[in-house]
Amino acid sequence: MIRAVAALGAVAVVLATGGHAAAEPSRQPAPTETLVMPFDNPANEPKLLWLGEGSAVLLSEYLERYGRLAVPREERLAAFNRLQLPPAAALSHATMIKVGQIVSATEIVIGTYNLSGDELTVRARVIRLDTWHMAPEVVERGALTDLFRLYDAVARQLRGATAPAPAAAPGTLLTSLNAFEWYVKGMVAESAAVQRGYLEQAAKAAPSDDRIKLALWRVHTDAGNHQLALAAAATVAPASPQSASARYLTARSQIELRRYDDAFKTLDALRSDTRLAEVLNALGVVQLRRRATSQTGRAAYYFSQASQTDPTDADYFFNLGYAYWLDKDPPAALYWLREAVRLDPADGDAHLVLAAALQQTGATAEAARERELAARLTASSGNTAAAAGETVPHGLERLKEFLDRPNSRVNAMIASAGQRDQTELAFHHLDAGRRAFHREADREAEQELRRALYLSPYLAEAHMLLGRVYFRGGRSADAIQAFRIALWSEETVEGHVRLAEVFLAAQNIPAAREEVARALMLDPNSKDALALRVKIGR
C-alpha cells in the first residue's frame, strides 16, 4: 500500500514555493490574508507600550470577525525570527513588506496610536503586497475606555463592512479591558514568571476565554512544567472554538510526560473530528516513541498520511524517511528523504540520515557527499552528531508546535512531473529567477529559484542567486545556508567571496577571513577576494 503511494508520489510533484507549481494551470485567486503589524506609539507613552502588540492582536480579531483571514501571531513571530528582528522592533515599510511576503500575506496593515489626555487616536492603513499600493488612512478617536469600539470601527472601515460584527461572548477578552491588557502583557513579557502572573490575572477577569488558557499552556510548556500545561489545556470546553487546538496541546503535554497511550487516544479522537496533517504526524511520533502494535499501526503509516494531507511540508517527508530508517528499510528511507531535501535543501538532519541510508545501500561516494553537506549545514546549529558525521541519533522526529488553521493557506497545486523534462524545466525557472534578480524583483526571483531547486536540488547557480536574494533582503542566516549549499554543489571563488561578505556584514570577522583565504587558494589573483581581504584586514 505505502509502496504504491510512493510510486504515485513520484508522479505528483508539489513545489514548496507557497503554492506555486512547476507547470501552472489556471487557478482560482488566493483569498485575501491580512498581516496586522504591531502599531507604533510615536509619543512613547509608557503606560500604553503594551498596546503596540495589543493593536495587532485586537485588530486581527476584529478583521476575522468581519470575515477577513488574519495571519496568526505565531506565524508573524516566526517570520520576525527568520529575519532576526526583535519582536518589538520599529520597522521600515520595506522590512514590513518582507515579513508579509514570508508569511504569504496578501496585504499588511500598519498603524499608530496616540493618547492625548483621555482621548486615544488610532490610525491604520493597508498596503497591498501584489501592487505595493497604500490605501488611504483610516482614523478613529475616542476614550481609552472605549478601546474595543475604536478598533472595531477601524476594522469595519478597513474591511468596508456595513453591518456590525457579531457581539462578543460574555467573559471574554473583548468584554474586559483589564483582561485584554493583562493578556497582551502576558504574551510580551520577557520573564516566564511575569508572563504567568499577567495571564493568571487575565484568566480571573475573563474566565470564559480559552485563548488565555492556551497562552498559559505555552508558558508552562516553555518552562518545562508539562503537568501544569496539561491541566491548563484540559480545562478548555469541548464546545469551545479553541477545542481542537486544546486537544492537540493536551496530546503534546501527554507526549512530553511519556503518557503515550493517553496521547494516542487523544490524537485518535481528534483525528476522527478533523483530519489535519499535524494530528496524523503527532500520531506517528507517538508510535515512534512507544512500541507500535498491529492494532495501533506503524509510525510510517501515519507519517505517510500526514505527507499526503500536506505534501508541501518537508517535516512530514523527513519523519517518514526517518521512520523507515529506524525500521531498517534503507530503500524506502532513501525515497522519502530525497523528497524531504527537495522541499528543504538546507535540512542538515535530512542529509545526515540520507547519507546513512545511502551507505547501507552501497552508494559510498554519494553517502560521503551527503555527510559532508550535513556537517556544513549543522556546523553552527549545535547538532554535534550531524556535524561530526556520526551515527544517526535517536529523537530526530519532528512534532508541530500547534495546529494549522483549516483553509489558512492556499492549497498547493499539483502537476505531473512526467509531463515535462525536469532538467529543462529547472533551467527555465533558473533563467526566470536570474532575470528577476537583476530587476531586483526579489520575491519573484525567490519563487522561480525555489522552483528550479525543487526540480534540481543541487543546482549551484540557483543556490548562489538565492543566497544573494536573501542577503539583499537582510536574511543573513538564510543567505549563509544557501551559499554553503552552493559551495558544496560546486566550489567557486565567487561562492567563497559571497559567503565572506555575509560573514563580514554579520561582524563574524574570523569566518569572513577564512572564506577569503579559501577563495584565494582557488585563484590567488581574484580581484574581488583581494579587495575583500584588504577591507577585512589581515
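Only a predicted model underlies this, so the values are computations on that prediction, with no experimental measurement involved.

A. Structural context of the overall build of the chain. A count of helices and strands for the chain gives 25 helices and seven strands. Across the 538 residues that make up the chain, the buried fraction comes to 50%. Of the contacts formed within the chain by residues at least 6 apart in sequence, a portion of 59% connects residues at least 24 apart.

B. Focus on the sheet that holds strand β3 (residues 69-70). Taken in spatial order, the five strands of this open sheet run β3-β2-β4-β5-β6, and their pairing is mixed. Of all the strands in the sheet, just β3 and β6 (138-143) have a single pairing partner and so form its edges. As paired elements, strand β4 (residues 107-116) and strand β5 (residues 119-128) share 10 bridges and run antiparallel to each other. Pairing of E107 across the sheet is with R128, part of β5. Contacts between helix α4 (residues 93-102) and the sheet are confined to β2 (33-36) and β4, with β4 contributing the most and set at about 130 degrees to the helix.

C. Representation of the environment of A355 within the structure. By the element assignment, A355 lies in helix α16 (residues 348-360). Overall, the relative accessible area of 0% leaves A355 in the buried class. Through-space distance from the C-alpha of A355 to that of A368 is 6.8 Å; in sequence the pair is 13 residues apart. Leave out the neighbours within four places in its chain, and A355 touches A367, E370 and R371.

D. Looking closely at the nonpolar core. Within the largest apolar cluster, 43 residues are counted, with the highest numbers of intra-cluster contacts made by F39, L59, L120, Y151, L158, F180 and Y183. Breaking this core down by element, the ones donating at least two residues are α2 (51-65), β4, β5, α5 (147-159), α6 (177-188), α7 (192-205) and α8 (210-222). Contact partners of L59, with chain neighbours within four places excluded, come to V36, F39, V109, Y151, V154, A155 and L158. If you look at the next biggest cluster of nonpolar residues, it comprises 34 residues, including L430, L465, L499 and V516.

E. Looking closely at the environment of E75. Here E75 is to be found in helix α3 (residues 73-82). In this structure the C-alpha to C-alpha distance between E75 and V103, which are 28 residues apart in sequence, comes to 6.6 Å.

F. Representation of the pattern of salt bridges. Counting across every chain of the model gives 38 salt bridges. For R342, the salt bridge identified is with E339, shortest N-O distance 3.8 Å. Residue R342 and its partner E339 are both found in helix α15 (residues 330-343); the two are separated by three residues, about one turn of the helix. R342 gets classed as partly exposed once you look at its relative accessible area, which sits at 23%. Note that E501 and R498 form a salt bridge whose closest N and O atoms lie 3.7 Å from each other. Linking E501 with R498, this pair stays in helix α23 (residues 493-505), spanning three residues, or about one helical turn. Classification of E501 by relative accessible area gives partly exposed; the value is 26%. Linked through salt bridges whose partners overlap, the residues forming this network are D313, D315, D347, R398 and K400.

G. Broad picture of the packing of α7 against α8. Packing of α7 against α8 leaves a shortest axis separation of 10 Å and a crossing angle of 160 degrees. By the angle between their axes, α7 is roughly antiparallel relative to α8. Seen from above, α7 lies across α8 with left-handed handedness. When α7 is examined against α8, the residues A192, Q195, R196, L199, E200, A202 and A203 are found in contact with a partner set consisting of I212, A215, L216, V219 and H220. Its residues placed into classes, the contact of α7 with α8 shows eight nonpolar, two polar and two charged.

H. Here's a closer look at unusual backbone geometry. A positive phi angle, close to 65 degrees, is found at R258, a residue other than glycine. Take R258: it is sitting in the loop between α10 (243-256) and α11 (260-273). One non-glycine residue with positive phi stands out, namely K328, at about 60 degrees. With respect to the helices and strands, the residue K328 is situated in the loop between α14 (314-326) and α15. Judged by its relative accessible area of 72%, K328 is exposed.

I. Representation of the confidence of the model for the chain within the structure. A residue-level look at the chain finds 86% of positions with pLDDT of 70 or above and a mean pLDDT of 83. Note on residues 1-29: pLDDT is under 50 here. Beyond four places in sequence and across chains, it has 58 contacts. Below pLDDT 50 for its whole length, residues 380-389 participates in 15 contacts with residues either more than four positions away or in separate chains.

J. The arrangement of the pairing of β2 in detail. Of the two faces of β2, the one carrying E33 and L35 and the one carrying T34 and V36 are both buried. In this sheet, β3 lies alongside β2 in parallel orientation, the contact comprising two bridges. Across the sheet, E33 pairs through a bridge with L69, a residue of β3. On the question of chirality, the crossover connecting β2 to the parallel β3 by way of α2 is right-handed.

K. Region of interest: helix α22 (residues 476-489). Taking 1.5 Å of rise per residue, 14 residues should cover 20 Å, and α22 covers 20 Å from first to last C-alpha, within 8% of that figure. Counting buried positions along α22 gives 12 out of 14 residues, so the element sits mostly inside the fold. Among the residues of α22, S476, D478, A479, I480, A482, F483, R484, I485, A486, L487, W488 and S489 are the ones counted as buried.

L. Up close: the packing of aromatic side chains. On inspection of all chains with the given rule, the structure shows eight aromatic pairs. Taken together, a centroid distance of 5.8 Å and an interplanar angle of 20 degrees make the contact between F317 and W336 stacked. Residue F317 is located in helix α14, and its partner W336 is located in helix α15; the two are separated by 19 residues in the primary sequence. You can call F317 buried: its relative accessible area is 7%. Owing to a relative accessible area of 5%, W336 belongs among the buried residues under this scheme. Ring-pair connections join several aromatic residues into one group, and the members of that group are W50, F148 and F180. The aromatic ring of F437 is capped on one face by R472, whose charged end is 4.2 Å from the ring centroid.

Basis of the calculations
Residues numbered from 1 in each chain as written. Predicted model: local features only at pLDDT ≥ 70, side-chain atom pairs only at ≥ 80, totals over all residues. Heavy atoms only, no water. Helix = DSSP H or I, 4+ residues; strand = E, 2+ residues; numbered from the N terminus. Buried < 20%, exposed > 50% of the residue type's maximum accessible area, 1.4 Å probe, protein only. Contact = heavy atoms within 4.5 Å. Pairing = 2+ DSSP bridges. Axes fitted to C-alpha atoms, helices over the stretch in contact; angles between N-to-C directions. Core = buried A, V, L, I, M, F, W, Y, C linked by side-chain atoms within 4.5 Å. Salt bridge = Lys/Arg side-chain N within 4 Å of Asp/Glu carboxyl O. Parallel < 35°, antiparallel > 145°, perpendicular 65-115°, else oblique. Left-handed = near helix turned anticlockwise from the far one by under 90°. Nonpolar A, V, L, I, M, F, W, Y, C, P; charged D, E, K, R; others polar. pLDDT = per-residue confidence, 0-100. Right-handed = clockwise from strand over helix to strand, strands pointing away. Expected span 1.5 Å × (residues − 1). Phe/Tyr/Trp six-rings, centres within 6.5 Å; stacked < 30°, edge-to-face > 60°. Lys NZ or Arg CZ within 6 Å of the ring centre and 35° of its normal.

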